[in-house]
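This is what each chain is made of:
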Amino acid sequence: MKQENMAMLCDFYELTMSNGFFKNGFYKKTVYFDLFYRSVPDNGGFAIAAGLEQFVEYIKELHFEKEDIEFLRNKKIFDEEFLKYLENFKFTGDIYAVPEGTPVFPNEPILTVKAPAIEAQLIETYALLTINHQSLIATKANRIVRASQGRTVLEFGSRRAQGADGAVLGARAAYIGGCKGTACTLSDEIYNIPAGGTMAHAWVQMFDTEYEAFKTYCEIYPENSTLLVDTYNTLKSGIPNAIKVFKEILVPKGIENFGIRLDSGDISYLSKKARKMLDEASLPQCNIVASNSLDEYLIRDLMTQGAKIDIFGVGERLITSKSSPVFGGVYKLVAVEDENEIIPKIKISENTAKITNPHLKKLYRLFDKESKKALADELCVYDEVIDDTKPHTIFDPEATWKTKTLNNFYSKSLMETIFKNGELVYELPKIEDIQKYCEEQIDLLWDEVKRFENPHKYYVDLSKKLWTIKNDLLNKNKFE
């Protein structure tokens, strides 16, 4: 079987368009594309950008093999000179992006590409699939982590993921969103995301008695014993046997780190009963782990009901973002260079949500100096600078009469230069640093923006200059 080359992981129209660009000379033109999304998954207040590292690795390795070119030649629709051009193909442009872990809002660029037309077009699919997938899972994971109110959340979803990459990279994205570990061993080996696990019901069933199964496990793994207590009867068998084994095997050794796992039944009721039984047995240090089709809504309900749970293991509803399984990122042309002049381009639609913001842009986040909380984001033309030493007026781009003047604020430009002239100039951070950065940035958002239902709308405004350019383009292309 031929080794997969990710350069061929593109929509076929990207190749036919590129062939056309080559034949009419457009391939020499420098173009600008934005990758952004239009609506927040689960109707939430924000999303979390993730997937940049995998896109960077793709760009670094981008090339076409002889077998790929021969495959395209056999399609008999591609110009021979274009196929020769692909023989030495590599990315030579610039890429700008918000760092992974950044909270992002609809219609603002997560990633901007400046490159010759063919280079910018051919990377569309891979850019979208990696940013869409990991941003979706990081966003879902963070919702679940916030619902847990400080309890540990572990990602348990590999077996329900949509393919191997869905499992491995899904675990990576979940870690960025705040999960503390994963059940996926390969994610640990590749990305240093702590992998761990307890046991399956099969372990208990293999022994003649539940007590013997628990005792053997604690003897083999005394420093990492979490016992699955619902194989037969949680309250009458599982927890009593776990207590007996903990007191016989672990407590005499001075071991404090152990727990039980609930994987079925009424988790709220069982956790309260379990906590009472463990405390009465003088085992207050014993953790209670809960799993079984959890998500942010069920976890929030469990917290409201006073469930006694220390750790949540979340699987299918996290790794597939079951309640909102599509992150609607798009990749749109926003400008073209002509004799070193950047000419803005716009996409117009009867569906106003699909009208794009033209031009090469800067993305600023504006913060209140006293609270340090984010007030709004502002999209500006690339050559604009926000002066936060004097009052600054922002306005709603859809209802321009809604204005607000900021006085005691500061601004931060969010996008980093990732590639310059085809060379990587950005140091990819460690995964644990991305997770920490993500947590810090989310803390800068008001609680109202973080509500699960009906979150406060966080404003992404346009500068007056950018709004005017967009409005002029709309009027220029208006049809009666």
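Residues numbered from 1 in each chain as written. Predicted model: local features only at pLDDT ≥ 70, side-chain atom pairs only at ≥ 80, totals over all residues. Heavy atoms only, no water.

**Section: unusual backbone geometry**
Part 1 of the reasoning: Phi angles above zero are rare outside glycine, and Glu-339 is one such case at about 50 degrees.
Part 2 of the reasoning: Relative to the assigned elements, Glu-339 resides in the loop between β12 (329–338) and β13 (341–344).
Part 3 of the reasoning: Classification of Glu-339 by relative accessible area gives exposed; the value is 77%.
Part 4 of the reasoning: Its identity is not glycine, yet Lys-372 carries a phi of approximately 70 degrees, on the positive side. (Helix = DSSP H or I, 4+ residues; strand = E, 2+ residues; numbered from the N terminus. Buried < 20%, exposed > 50% of the residue type's maximum accessible area, 1.4 Å probe, protein only.)

**Topic: the side chain of Asp-94**
Part 1 of the reasoning: Looking at where Asp-94 falls in the secondary structure, it is placed in strand β3 (residues 94–97).
Part 2 of the reasoning: Among the polar contacts made by the side chain of Asp-94, one reaches the side chain of Tyr-96 at a distance of 3.4 Å.
Part 3 of the reasoning: Not counting residues within four places of it along the chain, the set of residues in contact with Asp-94 comprises Thr-112, Val-113, Lys-114, Phe-419, Lys-420 and Asn-421. (Polar contact = N/O pair within 3.5 Å; in protein donor to acceptor, adjacent residues only side chain to side chain. Contact = heavy atoms within 4.5 Å.)

**Considerations on the sheet that holds strand β1 (residues 30–37)**
Part 1 of the reasoning: Spatially, the seven strands line up as an open sheet ordered β13-β12-β1-β5-β3-β19-β20, and their pairing is antiparallel. What marks the edges here is a single partner per strand, and that holds for β13 and β20 (423–424).
Part 2 of the reasoning: Pairing of β1 with strand β5 (residues 111–116) involves six bridges; the strand directions are antiparallel. Within the sheet, the bridge partner assigned to Asp-34 lies in β5 and is Thr-112.
Part 3 of the reasoning: Along the sheet, helix α6 (residues 124–147) makes contact with β1 and β12, crossing β12 at roughly 140 degrees. (Pairing = 2+ DSSP bridges. Axes fitted to C-alpha atoms, helices over the stretch in contact; angles between N-to-C directions.)

**A closer look at the packing of aromatic side chains**
Part 1 of the reasoning: Scanning all chains against the criterion turns up 23 aromatic pairs.
Part 2 of the reasoning: Ring centres 5.9 Å apart and planes at 25 degrees place the aromatic pair Phe-55 and Tyr-58 in the stacked group. Placement of both Phe-55 and Tyr-58 in helix α2 (residues 52–60) is noted, with a separation of three residues, approximately one turn of the helix.
Part 3 of the reasoning: With a relative accessible area of 0%, Phe-55 lands in the buried category.
Part 4 of the reasoning: Chaining the aromatic ring pairs together yields one cluster made of Phe-12, Phe-22, Tyr-27, Phe-64, Phe-78, Phe-82, Tyr-85 and Phe-89.
Part 5 of the reasoning: Its guanidinium or amino end placed over the ring of Tyr-191, Arg-172 lies 5.8 Å from that ring's centre, counting from NZ or CZ.
Part 6 of the reasoning: A cation over an aromatic ring shows up here: Lys-244 above the ring of Tyr-211, its NZ or CZ 4.5 Å from the ring centre. (Phe/Tyr/Trp six-rings, centres within 6.5 Å; stacked < 30°, edge-to-face > 60°. Lys NZ or Arg CZ within 6 Å of the ring centre and 35° of its normal.)

**Considerations on the pairing of strand β15 (residues 374–381)**
Part 1 of the reasoning: With seven of eight residues buried, β15 lies mostly within the body of the structure.
Part 2 of the reasoning: With seven bridges connecting them, strand β14 (residues 361–368) and β15 associate as antiparallel partners. Bridge pairing links Lys-361 to Val-381 in β15.
Part 3 of the reasoning: Connecting the antiparallel pair β14 and β15 is a turn made up of five residues, with Lys-372 showing a positive phi of about 70 degrees.
Part 4 of the reasoning: The sheet contact formed by β15 and strand β21 (residues 460–462) spans three bridges and is parallel. Within the sheet, the bridge partner assigned to Glu-378 lies in β21 and is Asp-461.

**Describing the packing of α2 against α6**
Part 1 of the reasoning: The contact between α2 and α6 brings their axes to 8 Å, and the two run at 160 degrees. By the angle class used here, α2 and α6 are roughly antiparallel. By crossing handedness, the relation of α2 to α6 is classed as right-handed. Between α2 and α6, the residues in contact are Leu-52, Gln-54, Phe-55 and Tyr-58 and Tyr-126, Ala-127, Thr-130, Ile-131 and Gln-134, respectively.
Part 2 of the reasoning: Of the residues contributing to the contact of α2 with α6, the split by class is six nonpolar, three polar and no charged. (Parallel < 35°, antiparallel > 145°, perpendicular 65-115°, else oblique. Left-handed = near helix turned anticlockwise from the far one by under 90°. Nonpolar A, V, L, I, M, F, W, Y, C, P; charged D, E, K, R; others polar.)

**Focus: the nonpolar core**
Part 1 of the reasoning: If you look at the biggest cluster of nonpolar residues, it comprises 135 residues, and the most contacted ones within it are Phe-246, Ile-260 and Phe-312.
Part 2 of the reasoning: No other element matches α6, which puts eleven residues into this core. (Core = buried A, V, L, I, M, F, W, Y, C linked by side-chain atoms within 4.5 Å.)

**Observations concerning the packing of α6 against helix α13 (residues 296–304)**
Two quantities define a packed helix pair, namely the angle between the helix axes and the distance between the axes.
Part 1 of the reasoning: Where α6 meets α13, the axes come as close as 8 Å, and the angle between the chain directions of the two elements is 5 degrees. The angle between the axes of α6 and α13 places the two elements in the roughly parallel class. Side by side, α6 and α13 meet where Lys-140, Arg-143, Ile-144 and Ala-147 of the first sit next to Glu-296, Tyr-297, Ile-299, Arg-300 and Met-303 of the second.
Part 2 of the reasoning: Of the residues contributing to the contact of α6 with α13, the split by class is five nonpolar, no polar and four charged.

**A look at the side chain of Thr-125**
Part 1 of the reasoning: Here Thr-125 lies in helix α6.
Part 2 of the reasoning: A residue is classified by how much of its surface remains accessible, and Thr-125, at 13% relative accessible area, is buried.
Part 3 of the reasoning: Only 2.4 Å separates the side chain of Thr-125 from the side chain of Asp-11, close enough to count as a polar contact.
Part 4 of the reasoning: With residues near it in sequence (within four places) discarded, Thr-125 still touches Leu-9, Cys-10, Asp-11 and Glu-14.

**Side note on α2**
Part 1 of the reasoning: A large share of α2 lies buried, amounting to seven of its nine residues.
Part 2 of the reasoning: Within the sequence span of α2, burial applies to Leu-52, Glu-53, Gln-54, Phe-55, Val-56, Tyr-58 and Ile-59.

**So, helix α1 (residues 12–24)**
Part 1 of the reasoning: Under the 1.5 Å per step criterion, the end-to-end length of α1 is 19 Å for 13 residues, consistent within 8% with the ideal 18 Å.
Part 2 of the reasoning: Among all positions in α1, only Glu-14, Leu-15, Ser-18, Asn-19, Phe-21 and Phe-22 are buried. Here the buried residues of α1 occupy an arc of 160 degrees about the axis, which is enough to place them on one side.
Part 3 of the reasoning: Close packing links the buried residues of α1 with α3 (66–73), α4 (80–87), α5 (117–122) and α6.
Part 4 of the reasoning: Looking at the residues trailing α1, positive phi occurs at Gly-25, about 85 degrees. (Expected span 1.5 Å × (residues − 1). Arc of directions from axis to C-beta.)

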